[in-house]
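Coordinate analysis (summary)
Below are the chains, spelled out letter by letter.
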Amino acid sequence: MKLYVLDLGRIIMENDNPVTKEDDSQVQKPQIPIHVFLIDSPAGYILFDAGCDPLGMKGAWQTEMCANPFVYDESQTLEKQLEAIHVKMEDVRYIVLSHLHLDHAGAVHLFPNAEVFVNKTELEDVYAGHQDGSIDIFHQKSDFDNWNRANVNWKPVSGDQKHFLCEDIDLLDLGKGHSFGMLALAVHLKEGCLMLVADAAYSAVHYGPPPQMAGVCCDENGYFAAMEKIRAYAKELGATVLFGHDMKQFENLKKVPEYYE
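Predicted model only: the values in this text are computed from it and were never measured. (Residues numbered from 1 in each chain as written. Predicted model: local features only at pLDDT ≥ 70, side-chain atom pairs only at ≥ 80, totals over all residues. Heavy atoms only, no water.)

Right, let's talk about the environment of L78 for a bit. Checked against the element boundaries, L78 lands in helix α1 (residues 78-83). A sequence separation of 103 residues divides L78 from G181, and the C-alpha atoms of the two residues are 25 Å apart. Apart from the residues lying within four places of it in its own chain, the contact partners of L78 are L6, L8, V36, A50, M89, A107 and F111. (Helix = DSSP H or I, 4+ residues; strand = E, 2+ residues; numbered from the N terminus. Contact = heavy atoms within 4.5 Å.)

Structural data, given as C-alpha cells:
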C-alpha cells in the first residue's frame, strides 16, 4: 500500500488570519498549504479530501471568501497531480472527506466514479444550513450547487471503523468541533502509521500540548475532545499526525511522484 501527498497550491493570508497564529509583522504574508492524500490500497484508489474548487477564485466563491486568495499553478491541479503518478480522475474509487469546508470538499464534483464518505451529521447540517440560509461562509453555496449538479454519491458514516475499506486503514469519527462532524484516517504502512486529521488539528502549534483553539470552530468542547482522541490514538500506535495546514510540516513531506509505503 502507498500513500501520496498531492500539492494543490496555497491560500495566502492577506487579511483576517484565523489559521496560522502569525501576526502582520511577517515580511512575507503567511500561507497555508492546500493538499490532499491519495492511498493506493487493495480496495482501489482512496482520496482523503479533495481541495478547493478550481473555479473558486474565478467567480464561484463569495467575494469576501476571496480576500485570502487561493493560488495554484497548472501543475497543482488535481488532474495534473494524479497524472504525475499515472492515475486518472475516473480511477478514484473512494473519497473520504474530513469535512465539507471549501478547501477540503470543493472539488468532489470532479470525480464521476467515486463513492464519497462524509460524517453523517456534517452532511445533514450542511444541507439543512444551505436550504434555510443559515450556513457559514466556509461551506460555500457554489460547492453545494456543484455537488447537486454532479449528483455526488454520498456515503454518510458515523462511529469509528477498524479496517475501513481495507485491512490497513481505520476511520476515526471525531465528531463536532472544527465543523459539524469531522473524520480522520489512520493509515497503517510498512514504515509506520500516518494519521490524516485535516483541520481537527491545524498545525503542530495548535496540537500542542497544550492544545490551542482553532480560528474556526463550531463546538469548543468537541474541538478539544477530538484533539485528545487523536493524541491518544497516535500514542497507542506510535503514529505520526499529519496536520491540516502546517506549512513547516508540509514542506518536509514527500510529494508526488514520491510516496510513503
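Moving on, we come to the packing of aromatic side chains. As enumerated under the stated definition, the model contains 11 aromatic pairs in all. With 6.4 Å between their ring centres and 45° between their planes, F37 and F48 make a pair best called tilted. Of this pair, F37 sits in strand β2 (residues 31-41) while F48 sits in strand β3 (residues 44-48); the two residues are 11 residues apart in sequence, bridging distant segments of the chain. Among the residues examined, F48 registers a relative accessible area of 1% and is labelled buried. Each ring, one from Y207 and one from F243, has its centre 5.4 Å from the other, and the planes form 55°; the classification is tilted. (Phe/Tyr/Trp six-rings, centres within 6.5 Å; stacked < 30°, edge-to-face > 60°. Buried < 20%, exposed > 50% of the residue type's maximum accessible area, 1.4 Å probe, protein only.)

A few words now on the pattern of salt bridges. Per the counting criterion, the structure on display carries seven salt bridges. Between K120 and E124 there is a salt bridge, with its nearest N and O atoms 2.6 Å apart. A residue pair is termed a helical-turn pair when its members lie 3 or 4 positions apart in one helix, as K120 and E124 do in helix α3 (residues 120-132) at four residues. One salt bridge in this structure joins E228 and R231, with 3.1 Å as the shortest N-O distance. Placement of both E228 and R231 in helix α6 (residues 220-237) is noted, with a separation of three residues, approximately one turn of the helix. A relative accessible area of 38% means that E228 is categorised as partly exposed. For R231, a relative accessible area of 17% translates into the label buried. (Salt bridge = Lys/Arg side-chain N within 4 Å of Asp/Glu carboxyl O.)

Right, let's talk about the nonpolar core for a bit. Counting residues in hydrophobic clusters, the biggest one holds 42 residues, and the most contacted among them are L6, L97, W147 and W154. Elements supplying a minimum of two residues to this core: β1 (2-12), β2, α1, β5 (92-96), α2 (102-105), β6 (115-119), α3 and α4 (141-150). Ranked by size, the runner-up nonpolar core spans 27 residues in total, among them L3, I46, F250 and Y260. (Core = buried A, V, L, I, M, F, W, Y, C linked by side-chain atoms within 4.5 Å.)

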